[in-house]
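Given next are the chains, with one letter for each unit.
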Amino acid sequence: GATLSQQLLAAKNDATDNKSFSTSVLFIDEIDKMKLYDTEHDQGNAMDNLLALYNNGKIAVENGGRESEFIDTSRFTILLSGAFDGLEDIIASRLYNPKDVILGKKKLDKNIMKYATVEDLVNYGFKRELIGRISSIITIDPMGFEDYHSLLISEKGSLQHKYQT
């Protein structure tokens with residue numbers, strides 16, 4: 001429930017030194033929940049706060065009632081992550097004629113997310129200003145049965161390994 005600036009301040013205060021903090025990796029999960037067309041919440045302010053990371057690399061934070069201080073984020077590596085439920089439909093509508101899919105003339109690629117573009121993310125509900133500052137979009141293929149099976153049995157800390165020893 002903390003704001004981005006509150007979380008950055010807490011991380012800065014917990015850091016062992018300013019040099020290592022200045023080159024932090026900032027990982028923000030569930031970024032897909034921040035889309036503009038969310039009918040329950042106004043996510044514009046959240047995106048504006050995130051934009052501040054990219055705009056000038058300085059985030060103003062309140063520091064216990066004293067004057068605001070600025071946290072320099074210009075050297076941060078910023079990773080944004082999410083499931084993006086519904087993005088597949090936006091991509092499919094751009095890549096395929098819906099009639100061809102309905103009539104069975106075309107089969108949708110099961111890894112359709114790899115075709116995501118900036119325009120698709122804007123249509124999903126993100127501000128163009130934010131998406132335009134993201135240097136690359138990387139998708140991860142969905143896990144299949146074999147992947148889950150491998151996690152359960154083959155890893156040293158897996159459930160099967162625990163119960164066999």
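In what follows, the structure referred to is the one given above.
Reading the values: rules and limits
- Residues numbered from 1 in each chain as written.
- Predicted model: local features only at pLDDT ≥ 70, side-chain atom pairs only at ≥ 80, totals over all residues.
- Heavy atoms only, no water.
- Helix = DSSP H or I, 4+ residues; strand = E, 2+ residues; numbered from the N terminus.
- Buried < 20%, exposed > 50% of the residue type's maximum accessible area, 1.4 Å probe, protein only.
- Contact = heavy atoms within 4.5 Å.
- Areas by Shrake-Rupley, 256 points an atom, 1.4 Å probe, with all protein chains shown as cover.
- Phe/Tyr/Trp six-rings, centres within 6.5 Å; stacked < 30°, edge-to-face > 60°.
- Core = buried A, V, L, I, M, F, W, Y, C linked by side-chain atoms within 4.5 Å.
- Salt bridge = Lys/Arg side-chain N within 4 Å of Asp/Glu carboxyl O.
- 1 Å grid on protein atoms, 1.4 Å probe; cavity = no way out; pocket = protein on both sides within 12 Å on 5 of 7 lines; lining within 4 Å.
- Points joined across faces, edges and corners; volume = space filled by probe spheres on them.
- Nonpolar A, V, L, I, M, F, W, Y, C, P; charged D, E, K, R; others polar.

**Student:** Summarise the overall build of the chain; cite the residues concerned and give the values.
**Tutor:** Summing up its helical and strand segments, the chain has nine helices and four strands in all. Reading the secondary structure of the chain in the N-to-C direction produces α-α-β-α-β-β-β-α-α-α-α-α-α. When burial is assessed residue by residue, the chain has 28% of its 165 residues classed as buried. Considering only residue pairs separated by 6 or more positions, the chain has 60% of its internal contacts joining residues 24 or more positions apart. Accessible surface, the chain: about 11700 Å² in total, of which carbon and sulfur atoms supply 52%.

**Student:** Give me the packing of aromatic side chains: which residues, what numbers.
**Tutor:** Summed over all chains, the structure comprises four aromatic pairs. The interplanar angle of 85° and the centroid separation of 5.4 Å between the aromatic rings of F21 and F76 together place this pair among those described as edge-to-face. Of this pair, F21 sits in helix α2 (residues 18-22) while F76 sits in the loop between β3 (69-72) and β4 (77-80); the two residues are 55 residues apart in sequence, bridging distant segments of the chain. The class for F21 is buried, based on a relative accessible area of 7%. Accessibility expressed as a relative area gives 10% for F76, which makes it buried.

**Student:** Lay out the nonpolar core with the relevant residues and their values.
**Tutor:** If you look at the biggest cluster of nonpolar residues, it comprises 31 residues, and the most contacted ones within it are L8, L26, L50, L53, F84, L87 and F126. Those elements that place two or more of their residues in this core are α1 (4-14), β1 (25-28), α3 (44-55), β2 (58-61), α4 (87-95), α6 (118-124) and α7 (128-131).

**Student:** Break down the pattern of salt bridges for me, with residues and values.
**Tutor:** This structure, assessed with the given rule, holds four salt bridges. E69 is the partner of K12 in a salt bridge, and the nearest nitrogen-oxygen pair spans 3.0 Å. Taken together, the positions of K12 in helix α1 and E69 in strand β3 put the pair 57 residues apart, joining distant regions of the chain. Note on K12: relative accessible area 22%, which makes it partly exposed.

**Student:** Go over α4 with me, naming the residues and quoting the values.
**Tutor:** All buried positions along α4 are accounted for by L87, I90, I91 and A92. Its buried side turned inward, α4 meets α6.

**Student:** Give me unusual backbone geometry: which residues, what numbers.
**Tutor:** Unlike most non-glycine residues, E30 shows phi in positive territory, near 60°. Mapped onto the fold, E30 is located in the loop between β1 and α3.

**Student:** So what's going on with the layout of surface pockets? Which residues, and what values?
**Tutor:** Taking a probe equal in size to a water molecule and rolling it over the atoms shows the remaining empty space. Reported here for the largest pocket is a volume of approximately 910 Å³. L80, S81, F84, I137 and I138 are the residues nearest the centre of the largest pocket, which is lined by 34 residues in total. Looking at the lining of the largest pocket, the elements with two or more residues in it are β4, α4 and α7. Top element by residues in the lining of the largest pocket is β4. It accounts for four residues. Residues of the lining of the largest pocket, tallied by class, amount to 22 nonpolar, seven polar and five charged. In this structure, the second largest pocket spans a volume of roughly 490 Å³. A2, T3, L4, S5 and Q7 are the residues nearest the centre of the second largest pocket, which is lined by 17 residues in total. When contributions to the lining of the second largest pocket are tallied by element, the ones reaching two or more residues are α1, β1, α3 and β2. Top contributing element to the lining of the second largest pocket by residue count: α1, with five residues. The class makeup of the residues in the lining of the second largest pocket is twelve nonpolar, five polar and no charged.

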